[in-house]
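Report on the structure
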Amino acid sequence: SNDAIGVLVMSYGTPESLDSVEEYYTHIRRGNAPSPEQLKELVDRYEEIAGGVFPLRENTDRQVSSLQDKLDTVETGRYRCYQGLKHARPYIEDGVQRMAQDGIKRAVGIVLAPHFSTMSVASYNKRAMQEAEKHGIEMSCVDSYHLHPSLIQALAERVRDGIDAVSAKAGGAEVKVLFSAHSLPVRIRQVGDPYEEQLLETSRAVAEAARAGSWQFTWQSAGRTNEPWLGPDIMETMSSLAEGGEKALLAAPVGFVSDHLEVLYDLDIEAMAHAERLGISFGRIRMLNSDPLYMETLADSIREAAAKLP
Ligand code: FEC
């Protein structure tokens, strides 16, 4: 047995190589393989962001090791971090199995996404708890940390810097901040899901801390399925703002914490091209990645969850 508290750090996951994009996409689609056209479209997007490199993998690795360092500065040896990915190896279950092999008896689970949704964080936590139970590990999971003061501070610094950078590009024009997050199917509203409210709470707190004059929230990266997804999408929002005379926009994707496809492609390539067509200035805040304030947010949330363990 091992007295250390295991920390299962969960993240979305990304393919290991271009050869494993199909397996990854099939997993996201709950076992339904994509068509050859769908697969090609996704492979092309990965090729465009980094020539077939998968930045999320290295970013998650770095976040986990920085978090371990941060936890060690508080109490050496008390916490031991393990990685568990939602759609790629090492899967969430693999991470829990590794804990079990190390004799871990008590653990905390945390997702590298600040906002709770029944369709996102809840499904990570459920998989983690189910696997932990199989191995007799007591596990307590963090649901959200979307208003942690260190998170708000880190995001506000980025918004402030982003406003200055876009304003300079736009000849001093006033910059409107577009807070964004991954869209989800509209049906989350039927179950009273807190996702939307939490995202608005983060946006409001960051806008205030950054003294952003003008801002709004919008969705991005909706899935391509037949059911309705939450909108408006950032592309539509950009079009209507440009039509209304807005000259400079800053994307602040506060639902994400890392440089990855949904930021590097959907915002930096797609939304940027859209801004050029509309003739407006556009920029995006730097992502948190392993920022010390983000590590502090995670470490505090972990300690709080650990205090609830038997
Ligand atoms: O860089 C990378 O390799 C991974 C980038 C990535 C992140 C991410 C985050 C979230 N997703 C969420 C929900 C959904 C739902 C579907 C869905 C589909 C995809 C596809 C790719 C993908 N997601 Fe993702 N997501 C990332 C990547 N996501 C690729 C498949 C092709 C496409 O639609 O573009 C729809 C599934 C279905 O078909 O039924 C739903 C949510 C997040 C943010 C929270 C989190 O990180 O968990 C919510 C990063």
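Residues numbered from 1 in each chain as written. Predicted model: local features only at pLDDT ≥ 70, side-chain atom pairs only at ≥ 80, totals over all residues.

A few points about helix H5 (residues 121-134)
Three- or four-residue spacings in an α-helix give side chains the same orientation, since the helix completes a turn every 3.6 residues. The test is simple: Under the DSSP-based scheme used, a helix requires at least four consecutive residues in state H or I and a strand at least two consecutive residues in state E, with every element numbered from the N terminus. To estimate how far a helix should reach, multiply one less than its number of residues by 1.5 Å. With C-beta atoms placed from the backbone, a residue counts as buried when 20 or more other C-beta atoms lie within 10 Å of its own, as exposed when 12 or fewer do, and as partly exposed for counts between those limits. Each C-beta atom gives one direction from the helix axis, and the arc is the one those directions make. By the criterion used throughout, residues are in contact when their C-beta atoms, derived from the backbone, lie within 7 Å.
Compared with an ideal rise of 1.5 Å per residue, which puts 14 residues at 20 Å, H5 spans 20 Å between its outermost C-alpha atoms and is within 8% of the ideal. Among all positions in H5, only Val121, Tyr124, Asn125, Ala128, Glu131 and Ala132 are buried. Looking straight down H5, one finds that the buried residues subtend no more than 135° of arc, so they occupy a single side. Residues Glu133 and Lys134 are exposed on H5 and point more than 90 degrees away from its buried face. On the buried face of H5, the contacting elements are strand E1 (2-11), strand E2 (79-85), helix H4 (92-101), strand E3 (104-111) and strand E4 (138-141). Once H5 ends, the next one or two residues include Gly136, with phi positive near 65°.

Considering the site of the ligand
We count it as follows: Here, nearness is defined through the C-beta atom: a residue counts as near a molecule or strand if that backbone-placed atom lies within 6 Å of it. Nonpolar residues are Ala, Val, Leu, Ile, Met, Phe, Trp, Tyr, Cys and Pro. Charged residues are Asp, Glu, Lys and Arg, and all others, Gly as well, are polar.
Surrounding the ligand, one finds 21 residues, the nearest of these being Thr14, His182, Gly223, His260 and Leu261. In terms of residue class, the shell around the ligand is made up of 11 nonpolar, seven polar and three charged.

Re the sheet that holds E4
Counted only if it meets this: Strand pairing is assigned whenever DSSP identifies at least 2 bridges connecting the two strands. Lines fitted to C-alpha atoms define the axes, with helix axes restricted to the stretch in contact, and inter-axis angles between N-to-C directions lie between 0 and 180 degrees.
With respect to topology, four strands assemble into an open sheet ordered E2-E1-E3-E4, the strand pairing being parallel. A strand with exactly one partner marks an edge of an open sheet, and here the two such strands are E2 and E4. Mean inter-strand twist for the sheet, computed between neighbouring axes without regard to direction, equals 25°. Bridging between E1 and E2 involves seven bridges; their strand directions are parallel. What sits directly across from Ile5, in E2, is Tyr79. Set on the sheet, H4 makes contact with E1, E2 and E3; between it and E2 the angle comes to about 150°.

Section: the nonpolar core
Quick reminder of the rule: Note on definitions: a nonpolar core is a set of buried residues drawn from Ala, Val, Leu, Ile, Met, Phe, Trp, Tyr and Cys, linked by C-beta atoms within 7 Å.
Of all hydrophobic cores here, the largest spans 88 residues; its most connected members are Val7, Val9, Val159, Val177, Leu249 and Leu250. In terms of residue count, the dominant contributor to this core is helix H6 (residues 149-169) (eight residues). Excluding its chain neighbours within four sequence positions, the residues that come into contact with Val7 are Tyr79, Arg80, Cys81, Tyr82, Ala107, Val108, Ile110 and Ile302.

So, the sheet that holds strand E5 (residues 176-182)
The sheet built from four strands is open, its strands ordered E6-E5-E7-E8 with parallel pairing. Here the strands that pair on one side only, and so sit at the sheet edges, are strand E6 (214-220) and strand E8 (281-284). When the angles between neighbouring strand axes are averaged without regard to direction, this sheet yields 25°. By the bridge criterion, four bridges tie strand E7 (residues 248-252) to E8 in an arrangement that is parallel. Counterpart to Leu250 in the pairing with E8 is Gly283. Here helix H10 (residues 266-278) sits on the sheet and contacts E6, E7 and E8; the angle it forms with E8, its principal contact strand, is near 170°.

Quick word on the packing of helix H8 (residues 234-243) against H10
Test applied: The scheme is simple: roughly parallel for angles under 35 degrees, roughly antiparallel for over 145, roughly perpendicular for 65 to 115, oblique for anything else. Handedness of a crossing is defined here by the sense of rotation of the near helix relative to the far one, left-handed for an anticlockwise turn of less than a right angle and right-handed for a clockwise turn.
Where H8 meets H10, the closest approach of the two axes is 10 Å, and the angle between their N-to-C directions is 20°. Comparing the axis directions of H8 and H10 gives the class roughly parallel. The two elements H8 and H10 cross, and the hand of that crossing is right-handed. Touching Ile234, Met235, Met238, Ser239 and Ala242 of H8 are Ala271, His274, Ala275 and Leu278, all from H10. Of the residues in the contact of H8 with H10, the class split is seven nonpolar, two polar and no charged.

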